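# Per-entry structural report
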Amino acid sequence: MSLPVLLDVDTGVDDACALLLAALHPGIDLQAVTCVGGNAPLPDVVRNTLTVLEVCGRQDVPVGAGASHPLLERPVDARHVHGDDGMADLGWAAPSTEPDPRHAVDLLRQVVDEAHDQGTPLTVVPLAPMTNIALLARMYPESFARIGRIVFMGGGAMVSNATAAAEFNVFHDPEATAVVLDATADHGVPVTMYGLDVFYEPRITLAQCDELAALDERGPASLAAGLMRFMSRRFETDSATIGDAGAVAVLLDPDAVKTKRLPVRVELSGTWTRGRTIVDTRDWSGDMDHDPHGLAEAQVDVALEIDGPRVAALWLDTVSKASR
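What you see is a predicted model, and the numbers here were worked out from it, not measured in a lab.

Taken as a whole and judged by the stated rule, the model has one cavity of 30 Å³ or more. The calculated volume of the largest cavity comes to roughly 50 Å³. Taken together, Gly155, Gly156, Ala157, Met158, Val159, Ala165, Ala166, Glu167, Gly275, Arg276 and Thr277 make up the full set of residues lining the largest cavity.

In this section: the packing of helix H4 (residues 104-117) against helix H5 (residues 131-139). Put simply, H4 and H5 touch, their axes get as near as 9 Å, and they point 65° apart. The orientation of H4 relative to H5 falls into the category roughly perpendicular. Considering how the two elements wind past one another, H4 and H5 form a crossing that is right-handed. Across the interface between the two elements, Ala104, Val105, Leu108 and Arg109 from H4 touch Asn132, Ile133, Leu135, Leu136 and Met139 from H5. Partitioned by chemical class, the residues of the contact of H4 with H5 number seven nonpolar, one polar and one charged.

Here the focus is the pattern of salt bridges. Two side chains with opposite charge may pair up if their charged atoms get near one another. For the coordinates displayed, the defined rule picks out 15 salt bridges. Among the salt bridges present, the one from arginine 146 reaches aspartate 113, with a minimum N-O distance of 3.0 Å. With arginine 146 in the loop between helix H6 (141-144) and strand S5 (149-153) and aspartate 113 in helix H4, the pair connects residues that are 33 residues apart, well separated along the chain. For arginine 146, a relative accessible area of 29% gives the class partly exposed. When salt bridges with common partners are traced through the structure, they connect Arg109, Asp113, Glu142 and Arg146 into a single cluster.

This part covers the sheet that holds strand S10 (residues 277-279). Spatially, nine strands are ordered S3-S2-S1-S4-S5-S6-S11-S9-S10 in an open sheet, and the strand pairing comes out mixed. Only two strands of the sheet have a single neighbouring strand rather than two, namely strand S3 (63-65) and S10. Direction aside, neighbouring strands of the sheet carry axes that sit 30° apart on average. Bridge count for strand S1 (residues 3-9) against strand S4 (residues 123-126) is four bridges, and the pairing is parallel. By the bridge assignment for S4, aspartate 8 is matched with proline 126.

Rules behind the numbers
Residues numbered from 1 in each chain as written. Predicted model: local features only at pLDDT ≥ 70, side-chain atom pairs only at ≥ 80, totals over all residues. Heavy atoms only, no water. 1 Å grid on protein atoms, 1.4 Å probe; cavity = no way out; pocket = protein on both sides within 12 Å on 5 of 7 lines; lining within 4 Å. Points joined across faces, edges and corners; volume = space filled by probe spheres on them. Axes fitted to C-alpha atoms, helices over the stretch in contact; angles between N-to-C directions. Helix = DSSP H or I, 4+ residues; strand = E, 2+ residues; numbered from the N terminus. Parallel < 35°, antiparallel > 145°, perpendicular 65-115°, else oblique. Left-handed = near helix turned anticlockwise from the far one by under 90°. Contact = heavy atoms within 4.5 Å. Nonpolar A, V, L, I, M, F, W, Y, C, P; charged D, E, K, R; others polar. Salt bridge = Lys/Arg side-chain N within 4 Å of Asp/Glu carboxyl O. Buried < 20%, exposed > 50% of the residue type's maximum accessible area, 1.4 Å probe, protein only. Pairing = 2+ DSSP bridges.

Taken by themselves, the reported measurements are silent on function.
See the structure below:
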């Protein structure tokens, strides 16, 4: 049976890679996509998301527009990485479809509740700042508690990018991540962190991009090739990471990633470390009286190792089959 999944995105090149996998793989039942401002402003995120789904022939998937700003911070986009349009400036035509009239949080709530009532709890995969998910937790806690599992792309145990301490998604809205982690602890929702420790490992080479581009014209494979070529040029490398797509891939091939359950909290006030995911890797148990903070309540399955080539092959095979 296909796994019922909802993606929360800020599309973005790497989110587009994740959407391709989730929309095309038969093992994923993509029930909805919710959008939040992050890599690009919200209108660009919604357009990019609709474009990817249309290219995949998945106009059946509802797309909800959500929060345009973090809970407290001013928005800071990442178009310097993802292009002026947020998705590699490939010049694709505007999508013919429109977003769902429901706000993303209401769409998320309804999909979660329907999946729960059908006996197949929803897996929610946030690949963006978790503003929408935090709003769900605060506005509709009974629905949040019905989520089957959360697998989020964000943070890092040992690696950062937006600042010396923080990964971009958490940096963009650290309060939202903190709210979500607290809610998972309160409601017993299992949570996995697919962070920067594994994010960069699944990579597509330029030679593989050429093979993809030859499979179709203006279809999933040529879109995938264009995304990867853009990132290769951007970082002056001969390959590019599929990024967020890895968080979707581990739903399909969980043995490709090694996780360890660890306490995790978010730094909200540090001058140099705001937005850092504090992953408690201490390997002993004992008297915690000397530690004024104690252990974080949120117990998270943190991804620490990944078989990058195996995950990349899964993504490449899925996109290729859909384009033949």
